[in-house]
Amino acid sequence: MSSLRLLKEKNPLVICITNDVVKNFTANGLVALGASPAMSEYKKDLVDLLRYAGGLLINIGTLTDENWKLYQDALKIAEEYNVPAVLDPVACGAGEYRKKVAQDLITNYKLSAIRGNAGEIAALIGGDVASKGVDSATVEDIGALALKANKELNIPIVVTGEIDAIAVDGKVKLIKNGSAMMPKVIGTGCLLGAVVASFLGLNNDMMKNLETAMLAYNIAGEMAEKQPRATLPGTFKEEFINALYTVSDSDIEKYKKVEEYV
């Protein structure tokens, strides 16, 4: 059974500890795709909910000392219940505090995947890709960046940009789908972190789960952009949620642009 169909059948609970700007968009996007979101931010509640969860997202966008402790607590509980966790190290290349938090979570807690843009992933491994807040410049070889991060951190890596790269166990795939409208809507990257978290616990094929998550998401973006007036960001945002609801395995098979990185 395909990962997308399995997602819709299992309707996994995904606990999202994410930044304040994107909570509503993230919840709606997950429901549209077929997952069940919960925006829990209280330790006792996390103890109750994570035992039933299929995935956990830690997004450090709204960063405080209190939230740092919350991330740590959530990851401890997730490991106790064997729940796969995704880290979105938002803007970790923009300042030392964010980088310190991200490195703490990577070094001291169990993560199943990291999703970030080129600047964020490069910052985690001591690279020098230009970063401006949550944005980053493109890199010439995003596959090489993903591979290096995967080898150094020993964690599956998703690097997003004009081309996306997935690196698992030293193997890399490039995803060339997506819409240029996606970066024009705040929260599309943060929602992607939650989408990745929703796929991780479906089966043991990590590469396939990550690939399907990226393809479903990016192809939904392409479908949304084709709708009337969807070259306007407000319309695109609505149509993107609609496309996440309608995207299918046949759409993925028809439109996917995946290459092995050599």
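In this text the structure is predicted, and so the values were computed from the model without any measurement. (Residues numbered from 1 in each chain as written. Predicted model: local features only at pLDDT ≥ 70, side-chain atom pairs only at ≥ 80, totals over all residues. Heavy atoms only, no water.)

(A) Focus on the sheet that holds strand β4 (residues 85-88). With respect to topology, 9 strands assemble into an open sheet ordered β2-β1-β3-β4-β5-β8-β9-β10-β11, the strand pairing being mixed. The open sheet has two edge strands with one neighbour each: β2 (36-38) and β11 (258-260). On average, adjacent strands in this sheet sit at an angle of 20 degrees to one another, irrespective of strand direction. With 3 bridges joining them, strand β1 (residues 13-17) and β2 adopt parallel strand pairing. Directly across from I15, in β2, lies its bridge partner A38. Here helix α7 (residues 142-153) sits on the sheet in contact with β5 (113-117), β8 (157-160), β9 (164-168) and β10 (171-175), set at roughly 150 degrees to β8. (Pairing = 2+ DSSP bridges. Helix = DSSP H or I, 4+ residues; strand = E, 2+ residues; numbered from the N terminus. Axes fitted to C-alpha atoms, helices over the stretch in contact; angles between N-to-C directions. Contact = heavy atoms within 4.5 Å.)

(B) Expanded view of the pairing of strand β3 (residues 55-59). For β3, the buried fraction is high: 5 of the 5 residues fall into the buried class. Across the two faces of β3 the burial is the same, with G55, L57 and N59 and L56 and I58 all buried. In this sheet, β3 lies alongside β1 in parallel orientation, the contact comprising 4 bridges. Of the residues in β3, the one forming a bridge with C16 is L57. Of the pairings in the sheet, the one linking β3 to β4 comprises 4 bridges and is parallel in character. Paired with L57 across the two strands is V86, which belongs to β4. Note on the crossover from β3 through helix α4 (residues 65-80) to β4: the handedness is right-handed. (Buried < 20%, exposed > 50% of the residue type's maximum accessible area, 1.4 Å probe, protein only. Right-handed = clockwise from strand over helix to strand, strands pointing away.)

(C) Highlighting the layout of surface pockets. Of the voids in this model, the second largest pocket is the one considered here, and its volume is about 350 Å³. Together, 17 residues line the second largest pocket, and N82, P84, K110, S112 and M206 are the ones closest to its centre. (1 Å grid on protein atoms, 1.4 Å probe; cavity = no way out; pocket = protein on both sides within 12 Å on 5 of 7 lines; lining within 4 Å. Points joined across faces, edges and corners; volume = space filled by probe spheres on them.)

(D) Broad picture of the packing of aromatic side chains. Throughout the structure, instances matching the rule amount to 3 aromatic pairs. Geometrically, the ring pair formed by W68 and Y97 is edge-to-face, given 5.9 Å between the ring centres and 80 degrees between the ring planes. On the criterion of sequence distance, the pair formed by W68 in helix α4 and Y97 in helix α5 (residues 96-108) is long-range, its members being 29 residues apart. The exposure class of W68 is buried, given its relative accessible area of 15%. Assessed through its relative accessible area of 33%, Y97 is described here as partly exposed. Pairing F236 with F240 gives two aromatic rings, centres 5.8 Å apart and planes at 10 degrees, and the pair type is stacked. (Phe/Tyr/Trp six-rings, centres within 6.5 Å; stacked < 30°, edge-to-face > 60°.)

(E) Molecular detail of helix α9 (residues 206-225). The end-to-end C-alpha distance of α9, which contains 20 residues, comes to 29 Å, matching closely the 28 Å that a straight helix rising 1.5 Å per residue would cover. Of all the 20 residues making up α9, 18 are buried; the element is thus mostly covered by neighbouring parts of the structure. (Expected span 1.5 Å × (residues − 1).)

(F) Region of the structure containing the pairing of β4. Judged by which residues are buried, β4 turns out to be covered on both faces: A85 and L87 on one side and V86 and D88 on the other are all buried. With 2 bridges joining them, β4 and β5 adopt parallel strand pairing. What sits directly across from L87, in β5, is I114. One crossover worth recording links β4 to the parallel β5 by way of α5, and it is right-handed.

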